[in-house]
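# Notes for the structure review
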Amino acid sequence: MLPVIQYTGAEGVLDLGWGHPDPSLLPVEAWAESTSEAIRAGGWKALTYGYAPGPGPLLEWLAVHIGAIDGRAPSPDELFVTAGASQGLELVSTVLTRPGDVVLVDSPTYHLALRILADRGVELRAAPTDAQGIDAAATARLADDLRAAGRRVPMLYTVATFNNPSGASMPVPRRRELVSALDGVTIVEDDTYRELGYDGPVPPSLWSLASADVVRLGSFAKTVAPGLRLGYLTADAGFVRRLANRGYIDSGGCVNHTSAMALAHFATTGRYEAHVSELREAYRLRRDALVAALRATVPTIEFAVPAGGWFLWLRVPDAAAVARRALERGVGMSTGERFHVDGGGGDRLRASFSMYSPTALEQAATRFAQSLPTGRRSG
Ligand SMILES: Cc1ncc(COP(=O)(O)O)c(C=O)c1O
């Protein structure tokens, strides 16, 4: 039989290498109920071709919702519904880049975004980075130098908030510097984890701090369900019009109209807020369980506790060898070099706490400790 889903884990392995949701946290009943209500309420309009930038009820709700979770509210004409952050990135990079261009990326960064960008035939270069994230002045100089050498540098991709894989968020002053330093480079801000903050206020997006030249990608994959293939972007109204006028949008309308109608109903009936606040609590407990278990079993291990998102970014000498031994003990982690374009990350492992219960995460930490050379674990 052909598979139904993307991830099929190996028997007996607690796989912290994948950034997927805990199946028990997917809103099966609430979504089923809400979708059937939405289709009945919308009737044929829920099933026909949708308005190019997304159905009105979702755009109107998003405009208010984003105002509540970010530094400013978009107007409805600054919004465009996508089939998820990945499709948003594919679409935006198609519009902005040509093969042979240089695209700057933060480092470390979401490894599968690197694949999406590589598919465009562009050269990926790490933006200069320091402890606070992308170094704005050095990145502007790099872009100038590349242009002086005859290259086009149309875009920079960054996961500035609850970064995948590091969990880090760029401080607000650095955000302000970055949005004003880059001239002629569109910042594509992957904001997938904004609503999964566990420790208080979440910094405003780069998009909310800039008047133009930032496209922010949002997603419902982490807050509702990845299988919906649904997300949105915010950008200036002119850029949104460019997207909406593309031939394939003109041909097919909104890229995921029926799911977008269902999401609008899920949100406007209060189910979205209720679900996301439950998720925040559940993932906070998972983060705390893995942090405490690693500190107890491997007190020497270094990592920063992320204030949101799904990942711990562990500093481990010879990470590839440790990952191999950990897998033999029944725990999977991702090796750090996958998240770099410049050969870095050999001393890092990404551990996701999203897919398992706190108890299973404690078990994973115990197995991980057993896979380290003696002397690095507790006792
Ligand atoms: C930073 C980041 N961007 C995008 C995605 C994928 O988002 P979507 O499912 O909306 O395409 C992920 C999922 O792991 C992610 O971590």
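Residues numbered from 1 in each chain as written. Predicted model: local features only at pLDDT ≥ 70, side-chain atom pairs only at ≥ 80, totals over all residues. Heavy atoms only, no water.

## Description of the overall build of the protein chain
To keep things clear, this is the line we draw: By the criteria applied, helices consist of DSSP H or I runs no shorter than four residues and strands consist of E runs no shorter than two, each listed in order from the N terminus. Radius of gyration here uses only the C-alpha atoms, and the compact-globule reference equals 2.2 Å multiplied by the residue count raised to the power 0.38. Classification of residues uses two cut-offs on accessible area relative to the type maximum, computed with a 1.4 Å probe and protein chains only: under 20% is buried, over 50% is exposed, and between them is partly exposed. Note on contacts: a residue pair is in contact if any heavy atoms of the two residues lie within 4.5 Å. Under the convention used here, a 1.4 Å probe and the Shrake-Rupley method define accessible areas, while residue burial counts only the protein chains that appear.
Secondary structure summary: the protein chain contains 13 helices and 14 strands in total. Taken over C-alpha atoms, the radius of gyration comes to 21 Å for the protein chain, in line with the 21 Å a tight globule of 379 residues would show. Expressed as lengths along the three principal axes of its C-alpha atoms, the size of the protein chain is roughly 60 × 55 × 45 Å. Counting only residues that meet the buried cut, the protein chain has 56% of its 379 residues in that class. In the protein chain, of all internal contacts separated by at least 6 residues, the share reaching a separation of at least 24 is 76%. Summing over all exposed atoms, the protein chain offers an accessible surface of approximately 16000 Å²; the carbon and sulfur share of this is 53%.

## Considerations on the packing of helix α11 (residues 271-297) against helix α13 (residues 358-371)
Our working definition: For helices, the fitted axis covers only the stretch in contact; all axes are lines through C-alpha atoms, and the angles between them, taken along N-to-C directions, range from 0 to 180 degrees. Orientation categories follow fixed angle ranges, with anything under 35 degrees roughly parallel, anything over 145 roughly antiparallel, 65 to 115 roughly perpendicular, and all other angles oblique. Should the near helix be turned anticlockwise from the far one by less than a right angle, the crossing is termed left-handed; should it be turned clockwise, right-handed. By the convention adopted, Pro, Cys, Tyr, Trp, Phe, Met, Ile, Leu, Val and Ala count as nonpolar, Lys, Arg, Asp and Glu as charged, and the other residues, Gly among them, as polar.
For the pair α11 and α13, interaxial distance at closest approach is 9 Å and the crossing angle is 25°. Regarding the angle of α11 to α13, the classification is roughly parallel. For the pair α11 and α13, the crossing hand works out as right-handed. Each of Leu285, Arg286, Ala289, Leu290, Ala293, Leu294 and Thr297 in α11 lies in contact with α13, whose residues at this interface are Pro358, Leu361, Glu362, Ala365, Thr366, Phe368 and Ala369. For the contact of α11 with α13, the class distribution of residues is ten nonpolar, two polar and two charged.

## A look at the domain arrangement of the protein chain
The cut-off we apply is this: How far each domain reaches was decided by an automatic or database domain assignment. A simple way to read buried area is as the amount of 1.4 Å-probe accessible surface that goes missing from two parts once joined, with both sides added. A pairing counts as a salt bridge when a side-chain nitrogen of Lys or Arg comes within 4 Å of a carboxyl oxygen of Asp or Glu. Two N or O atoms count as a polar contact when they lie within 3.5 Å, although within protein this holds only if one can serve as hydrogen donor and the other as acceptor, and sequence-adjacent residues are included solely when both atoms are side-chain atoms.
Here the protein chain is described as being made up of domain 1 (44-269) and domain 2 (273-371). Each of domain 1 and domain 2 was reduced to a C-alpha centroid, and the two centroids are 26 Å apart. For the domain 1 and domain 2 pair, buried surface summed over both sides reaches about 2200 Å², with 62% attributable to carbon and sulfur atoms. When the buried surface of domain 1 facing domain 2 is broken down by residue, His111, Pro165 and Tyr198 rank first, second and third, together holding 30% of it. Counting every contact that joins domain 1 to domain 2 gives one salt bridge. Notably, a salt bridge pairs Arg287 with Asp199, separated by 2.8 Å at the nearest N-O pair. Where domain 1 touches domain 2, the interface holds nine residue pairs in polar contact (both at pLDDT 80 or more).

## Topic: the pattern of salt bridges
Pairs may arise between side chains of opposite charge once their charged atoms sit close together. Counting across every chain of the model gives 21 salt bridges. Of the charged contacts, one joins Arg286 and Asp22 as a salt bridge, the two residues approaching to 2.6 Å between their closest N and O atoms. A residue pair is termed long-range when its members are at least 10 positions apart, and Arg286 in helix α11 and Asp22 in the loop between β1 (14-15) and α1 (28-42) qualify at 264 residues. Pair check on accessibility: Arg286 and Asp22 agree, each one buried.

## Describing the sheet that holds strand β9 (residues 214-219)
Threshold: Pairing between strands is defined by DSSP: at least two bridges between the two strands are required.
If you trace the seven strands from one edge of the open sheet to the other, you get β2-β10-β9-β8-β7-β3-β4, paired in mixed fashion. Of all the strands in the sheet, just β2 (79-82) and β4 (123-126) have a single pairing partner and so form its edges. If you compare each strand with its neighbour and ignore which way they point, the axes differ by 25° on average. For β2 and strand β10 (residues 231-234), the ladder comprises four bridges, and the chain directions are antiparallel. Considered in β10, the bridge of Phe80 is made with Leu233. Against the sheet, helix α2 (residues 56-69) contacts β2, β9 and β10, and its axis sits at roughly 115° relative to β2.

## With respect to the site of the ligand
To be explicit about the condition: Here, proximity means that at least one heavy atom of the residue falls within 4 Å of the molecule or strand.
Near the ligand, the surroundings consist of Gly84, Ala85, Ser86, Tyr110, Asn164, Asp190, Thr192, Tyr193, Ser219, Ala221, Lys222 and Arg229. Asp190 is positioned such that a nitrogen or oxygen atom in its side chain is 2.6 Å from a nitrogen atom of the ligand. Within the side chain of Arg229, an N or O atom sits 2.8 Å from an oxygen atom of the ligand. Isolated, the ligand exposes 400 Å² of accessible area, and the fraction of that covered by the protein chains is 93%. Grouping the amino acids of the shell around the ligand by side-chain chemistry returns four nonpolar, five polar and three charged.

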